[in-house]
Amino acid sequence: MDVRGTVWFVVLAYAPAWLLSLPLWLTGEGLSWKWAPVALTLMMFMPAVAGLVVSRWISPSPTPLRSLGLTNPGGIKKWWHYALLGCAGPLVAMLLALVVGYLLGVYEADWTGFSGLAEQTGTTVVGEQNQVSPTGLAVTQLGWIFLLGWVHALPALGEELGWRGYLVKQLLPLGQAGAFLTTGVLWGLWHAPILLLGYNYPTVPVVVAFLMMGCFCVLVGTLLSWLRLASGSVWPAAIAHGFLNSAGTMALVFSQAGHPVDNAGVGLLGWTGWIVLALLILVLIMIGKLPVKFPVVKQGISKGVERRSRKA
């Protein structure tokens, strides 16, 4: 394992990102600061900058873009089906998480009336002037979720180039389980300055927020790492990350009026969603897709003759 490169990556991923979060603290406005979305978006690109700097100058790779998974042999033909999975998977997983939350009594849903969405958007009862039906409102919102998934994929690429593109591969000497766990923990702690401001888990104590973010990042990070390693490209993981960020508002679409959504228990960020994420990981293990098996090239008996085998 390249310890020097790995340590430098962590330093370069953390330090600039944490500095970018400093104005949120200095203004005293936290996440409500008007420029907070810009600062948070710029933060997402810092792991990519770290991965590129390390791969180019600190521990140089002969093909830095390929080593990070930005390019790959065969191009998009090798990973387009993983990209489709990265697009649809988070939306299906989020819907399943909401169903699990509903069955366990954590999520109060209005599956067909969309009363919570109507309440949040200020929509009045059907029949009044300039009225949009709740169903039409829900369809529009779901359409925006799908569209924004692709928009969010670009800043998500900033994170994925670092965490999955660089770090997961560097930590593979620990074993895939060790690499996924370590990357997930570091990814979760990377959010520390904004977690302290109430990011994602504003209703729970800070210590609990850190633990919950860590659990979420390890679980979802395992699935993103599988996409990255199985496809040989970082693009499917970036697309999945983008749709994961976009899918968060699905909880609002199907919520019941008068019952605010709490991320600590609802959706993929909540503990009921972790059940879905853990089951997805278990399915990959049971069907033999995890750990990922890589082709191993062995020198044959004669010069120039190679043998190929599969290795996890």
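Located above this text is the structure these notes cover.
Right, let's walk through the structure included here. Everything numeric here is computed off the predicted structure, so don't read it as measured data.

Next up on the list: the packing of aromatic side chains. If you walk through the whole model with that rule in mind, you get 12 aromatic pairs. Ring centres 5.6 Å apart and planes at 80° place the aromatic pair tyrosine 102 and tryptophan 111 in the edge-to-face group. What makes tyrosine 102 partly exposed here is its relative accessible area of 39%. Between the aromatic rings of phenylalanine 114 and phenylalanine 254, the centroid separation amounts to 6.0 Å while the plane-to-plane angle is 50°, which identifies the pairing as tilted. Of the two residues, phenylalanine 114 sits in the loop between α5 (80-103) and α6 (115-121) while phenylalanine 254 sits in the loop between α12 (250-253) and α13 (271-286), which places them 140 residues apart along the sequence. Judged by relative accessible area, which is 10%, phenylalanine 114 ranks as buried. A relative accessible area of 11% places phenylalanine 254 in the buried class. The residue whose ring lies beneath arginine 164 is tryptophan 187, and the NZ or CZ to ring-centre distance is 4.2 Å.

In this structure, the largest pocket encloses a volume near 1000 Å³. Lining the largest pocket are 36 residues, with Tyr199, Asn200, Asn245, Ser246 and Leu269 positioned closest to its centre. Looking at the lining of the largest pocket, the element that brings in the most residues is helix α7 (residues 134-170), giving 7 residues. Of the residues in the lining of the largest pocket, the class split is 22 nonpolar, 13 polar and 1 charged. Lining the second largest pocket we find 21 residues, and of these Leu229, Ala230, Ser231, Gly232 and Phe294 sit closest to its centre. Looking at the lining of the second largest pocket, the elements with two or more residues in it are α10 (206-231) and β1 (294-299). In terms of residue count, α10 provides more of the lining of the second largest pocket than any other element does, 5 residues in total. Residue composition of the lining of the second largest pocket, grouped by class: 10 nonpolar, 4 polar and 7 charged.

This next bit is on the side chain of threonine 222. Along the chain, the position of threonine 222 falls in helix α10. A polar side-chain atom of threonine 222 sits 2.7 Å from the main-chain carbonyl oxygen of valine 218. Discounting chain neighbours no more than four positions away, the residues touching threonine 222 are Phe180, Cys217, Ile281 and Leu290.

On to the nonpolar core. The nonpolar side chains of a soluble globular protein tend to be buried with one another. Grouped together as the largest cluster of nonpolar side chains are 80 residues, with contacts concentrated most on Tyr201 and Phe216. The residues touching tyrosine 201, leaving out its near neighbours within four places in the chain, are Leu195, Ala209, Met212, Met213, Phe216, Asn263, Ala264 and Leu269.

Looking now at the packing of helix α1 (residues 3-20) against helix α3 (residues 36-58). Here α1 crosses α3 at 155°, and the two axes come no closer than 8 Å. Classed by the angle they form, the pair α1 and α3 counts as roughly antiparallel. Handedness of the α1/α3 crossing: right-handed. Of the residues in α3, those in contact with Arg4, Gly5, Trp8, Phe9, Leu12, Ala13, Pro16, Ala17 and Leu20 of α1 are Ala39, Leu42, Met43, Met46, Pro47, Ala50, Gly51, Val53, Val54 and Ile58.

There is a patch of nonpolar side chains on the surface, built from Leu104, Trp271, Ile275, Leu279, Leu282, Val283, Ile285, Met286 and Ile287 and spanning about 880 Å² of accessible area. Among the structural elements, tryptophan 271 can be located in helix α13. Here tryptophan 271 falls in the partly exposed class, since its relative accessible area comes to 41%.

Here we come to the environment of tryptophan 271. Sequence-wise, tryptophan 271 and phenylalanine 210 are 61 residues apart; in three dimensions their C-alpha atoms are separated by 13 Å. Not counting the four nearest positions on each side in its chain, tryptophan 271 is found in contact with Leu104, Val106, Met212, Ala264 and Gly265.

Now for unusual backbone geometry. Put simply, leucine 290 and proline 291 share a cis peptide bond, and its omega is 5°. Mapping proline 291 onto the fold places it in the loop between α13 and β1. Even without glycine at this site, phenylalanine 114 takes up a positive phi of about 55°.

Okay, the packing of α10 against α13 next. Contact geometry for α10 and α13: axes closest at 10 Å, N-to-C directions at 30°. Put simply, α10 runs roughly parallel to α13. The handedness of the crossing between α10 and α13 comes out as left-handed. Together, Met212, Cys215, Phe216, Leu219, Val220, Thr222, Leu223 and Trp226 of α10 and Trp271, Trp274, Leu277, Ala278, Leu280, Ile281 and Leu284 of α13 make up the contact between the two elements. Each residue belonging to the contact of α10 with α13 can be placed in one class, and the counts come to 14 nonpolar, 1 polar and no charged.

Our focus in this paragraph is the pattern of salt bridges. Inspection of every chain in the model, using the stated rule, returns 1 salt bridge. Residue glutamate 160 is joined to arginine 164 by a salt bridge in which the shortest nitrogen-to-oxygen separation is 2.8 Å. Here the residue glutamate 160 and the residue arginine 164 both occupy positions in helix α7, the gap between them amounting to 4 residues, near one helical turn. Judged by its relative accessible area of 0%, arginine 164 falls in the buried class.

Criteria and cut-off values
Residues numbered from 1 in each chain as written. Predicted model: local features only at pLDDT ≥ 70, side-chain atom pairs only at ≥ 80, totals over all residues. Heavy atoms only, no water. Phe/Tyr/Trp six-rings, centres within 6.5 Å; stacked < 30°, edge-to-face > 60°. Buried < 20%, exposed > 50% of the residue type's maximum accessible area, 1.4 Å probe, protein only. Helix = DSSP H or I, 4+ residues; strand = E, 2+ residues; numbered from the N terminus. Lys NZ or Arg CZ within 6 Å of the ring centre and 35° of its normal. 1 Å grid on protein atoms, 1.4 Å probe; cavity = no way out; pocket = protein on both sides within 12 Å on 5 of 7 lines; lining within 4 Å. Points joined across faces, edges and corners; volume = space filled by probe spheres on them. Nonpolar A, V, L, I, M, F, W, Y, C, P; charged D, E, K, R; others polar. Polar contact = N/O pair within 3.5 Å; in protein donor to acceptor, adjacent residues only side chain to side chain. Contact = heavy atoms within 4.5 Å. Core = buried A, V, L, I, M, F, W, Y, C linked by side-chain atoms within 4.5 Å. Axes fitted to C-alpha atoms, helices over the stretch in contact; angles between N-to-C directions. Parallel < 35°, antiparallel > 145°, perpendicular 65-115°, else oblique. Left-handed = near helix turned anticlockwise from the far one by under 90°. Patch = residues over 30% accessible without salt bridge, like charges linked within 9 Å, V, L, I, M, F, W, Y side chains within 5 Å. Areas by Shrake-Rupley, 256 points an atom, 1.4 Å probe, with all protein chains shown as cover. Salt bridge = Lys/Arg side-chain N within 4 Å of Asp/Glu carboxyl O.

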